[in-house]
Amino acid sequence: MARIYALQSSTSSCELWMIPNFDDGRAQRNSAEISAKTESQDASMTQRSAAKRKFLWRVRQKWKLLGLFEIDRDHEFYEFTCMLKEGLTSAVQVSIDNPHMGILSDPDFGAVLTQIHKGFEMRTFAGPVFAKYRSMLGMSEKEYQQSLSSEGFYLQFISNSKSKANFFLTNDKRIFLKTQEKREIKFLLSNLRSYIQHMEKYPHSLLVKFLGVHSIKIARGRKKYFIIMQSVFYPDERIVARYDIKGCQVSRWTEPAPEGSNVIVVLKDLNFEGNTISLDQQRSWLVRQMNVDTEYLRSLNVLDYSLLVAHQPLHLDERRQSWSFANIILRTKKSMVSGASPTASVGSPVPGLVEEDTAVLVAETVSGTDECHVKEIPGPTATVGSDSIGSSELNKADPATQNRRLLPNFRNSLHVIDGAQSRYFVGIIDIFTVYGFRKKLEHLWKSIRYRGQSFSTVSPDQYAKRLCQWVEDHTA
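Let us look at the structure shown here. (Residues numbered from 1 in each chain as written. Predicted model: local features only at pLDDT ≥ 70, side-chain atom pairs only at ≥ 80, totals over all residues. Heavy atoms only, no water.)

Taking 1.5 Å of rise per residue, the 20 residues of helix α2 (residues 78-97) would be expected to cover 28 Å, and the 29 Å separating its terminal C-alpha atoms lies within 8% of that figure. Listed in full, the buried residues belonging to α2 are Tyr78, Phe80, Thr81, Met83, Leu84, Lys85, Gly87, Leu88, Ala91, Val92 and Ser95. (Helix = DSSP H or I, 4+ residues; strand = E, 2+ residues; numbered from the N terminus. Expected span 1.5 Å × (residues − 1). Buried < 20%, exposed > 50% of the residue type's maximum accessible area, 1.4 Å probe, protein only.)

Now the structure itself:
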């Protein structure tokens with residue numbers, strides 16, 4: 001093959017010369033090299049573009065500050081949450097296949113189940129204990145497993161918490177997963193027996209319901225610990241405001257979301273000022289339970305926990321149903337005790353007839369209507385209709401000290417209290433901060449810096465009293 005060159009002379013005449021192409025092989029090689037280089041540059045640009053999109057995605061998420069976002073295939077935590085689903089499904093299957101039928105023992109509290117999966121290792125701590133406790137809450141293992149392993153994507157919750165923890169929700173929003181420091185996990189496991197005993201004695205405790213403790217070790221990555229909890233804010237479709245309350249002033253204001261925004265903002269103490277939790281007959285129950293739960297936390301020498309509060313308006317039919325005689329009977333039956341505690345045999349749904357010390361709440365129908373009022377009368381534990389309240393078990397558990405209440409006819413009733421006009425979601429979370437040497441130094445420093453102001457880092461005794469006082473002052 002030859003190339004044709006045109007040569008033009010000074011006389012403007014043009015001659016065509018046929019010159020053999022001795023460099024044709026080199027040209028082909030150069031062309032292949034250029035093509036390969038172009039493909040490499042295109043691939044590099046694609047990677048940079050993907051990295052840029054991921055960076056911009058993170059910027060947008062942080063700019064929005066707070067909210068729930070699907071962890072889809074483009075999300076940085078997608079592979080991690082897929083591993084969580086696989087590992088948790090397998091871990092719960094063990095408790096499904098091997099139900100614990102006896103009394104919980106020391107080996108159960110110290111049990112560690114290690115399961116090897118492709119690309120990661122998962123450990124389950126105190127599995128028999130949490131399985132028994134989930135049963136006490138009326139949650140079957142199959143139901144729990146389905147929630148953790150549903151085909152829908154996990155949700156990421158972007159929080160205004162100072163913690164570096166990652167927060168995830170199952171797709172149905174019923175279960176909350178949070179990464180924790182190893183020392184926090186050790187603290188929970190070392191106090192797990194007393195926690196279970198407290199929840200057994202006070203089945204309607206405000207403390208968050210821990211459902212499991214695990215760790216996951218990904219190949220060439222560091223081990224991560226996480227806890228699984230029942231979500232306090234479930235279901236959240238109609239919740240109009242959420243608050244994180246610590247009972248103090250310093251750093252306890254959050255800028256609300258703009259009107260009409262879908263961004264979820266968890267407000268704080270100073271945002272709540274001027275509002276009231278209106279519970280009517282259930283106020284005394286809440287005040288007493290706050291005292292009971294914070295006394296337990298004081299005994300653990302912890303502080304800096306939060307009282308979560310959210311509310312939504314009740315529909316008119318919900319307000320009418322709330323105190324109807326039929327609904328009172330239905331909810332009372334739901335609140336029966338038909339089994340023993342998680343440290344004995346597997347119980348059915350949580351007990352729930354409201355009592356204040358030795359007082360019993362009884363329903364009185366309003367003549368000519370379906371409505372009724374509830375009032376306290378002194379006396380021993382009573383029965384409703386022909387159904388016994390499980391007197392033998394209640395006597396063992398000393399029902400007069402349980403501070404039980406009438407459960408709403410609602411799926412997440414443990415953290416839900418219906419007032420006259422609103423439904424409230426309440427729960428105490430973040431119970432892992434021990435008042436040690438470091439916190440005592442922080443208290444000294446803040447005492448100087450915020451003289452005359454209330455701040456979070458105080459002794460466990462003062463912290464408990466102050467949060468209880470907040471509830472006293474903001475309920476009606």
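With that out of the way, let us pick up the sheet that holds strand β7 (residues 167-169). Spatially, β3-β6-β7-β8-β10-β9-β5-β4 is the arrangement adopted by the eight strands of the open sheet, whose pairing is antiparallel. With partners counted over all chains shown, the strands left at the sheet margins are β3 (67-70) and β4 (112-117), one partner each. Sheet twist, expressed as the mean angle between neighbouring strand axes with direction ignored, is 25°. Where β4 lies against strand β5 (residues 120-125), six bridges are found, and the strand directions are antiparallel. Bridge pairing in β5 links threonine 114 to arginine 123. Relative to the sheet, helix α4 (residues 127-136) contacts β5 and β9 (210-218), its axis offset from that of β9 by approximately 140°. (Pairing = 2+ DSSP bridges. Axes fitted to C-alpha atoms, helices over the stretch in contact; angles between N-to-C directions. Contact = heavy atoms within 4.5 Å.)

Along β9, seven of the nine residues are buried, which leaves the element largely enclosed by surrounding structure. Looking at chain direction, β5 and β9 are connected through six bridges and run antiparallel. Across the sheet, residue threonine 124 finds its bridge partner in β9, namely histidine 214. Pairing of β9 with strand β10 (residues 224-230), which is carried by six bridges, proceeds in the antiparallel orientation. Its bridge partner being in β10, serine 215 is matched across the sheet by tyrosine 225. Between β9 and β10, which pair antiparallel in sequence order, lie five residues; one of them, arginine 220, sits at a positive phi of approximately 60°.

Read from one edge of the open sheet, five strands run β12-β11-β14-β19-β18, paired in mixed fashion. With partners counted over all chains shown, the strands left at the sheet margins are β12 (266-268) and β18 (416-418), one partner each. Each neighbouring strand pair of the sheet contributes to a mean axis angle of 30°, computed without reference to strand direction. When β18 meets strand β19 (residues 422-429), the two strands line up antiparallel, connected through three bridges. Its bridge partner lying in β19, isoleucine 417 is registered against tyrosine 424. Across the face of the sheet, helix α9 (residues 283-299) comes into contact with β14 (306-313), β18 and β19 while running at roughly 10° to β19.

Moving on: empty space enclosed by the protein. Considering all chains together, one arrives at two cavities of 30 Å³ or more under this definition. Its volume calculated, the largest cavity comes out at about 50 Å³. Lining of the largest cavity is provided by Met139, Arg174, Gln230, Ser231, Tyr234, Arg411 and Asn412. Classifying every residue of the lining of the largest cavity gives two nonpolar, three polar and two charged. Its boundaries defined by the atoms lining it, the second largest cavity holds a volume of some 40 Å³. (1 Å grid on protein atoms, 1.4 Å probe; cavity = no way out; pocket = protein on both sides within 12 Å on 5 of 7 lines; lining within 4 Å. Points joined across faces, edges and corners; volume = space filled by probe spheres on them. Nonpolar A, V, L, I, M, F, W, Y, C, P; charged D, E, K, R; others polar.)

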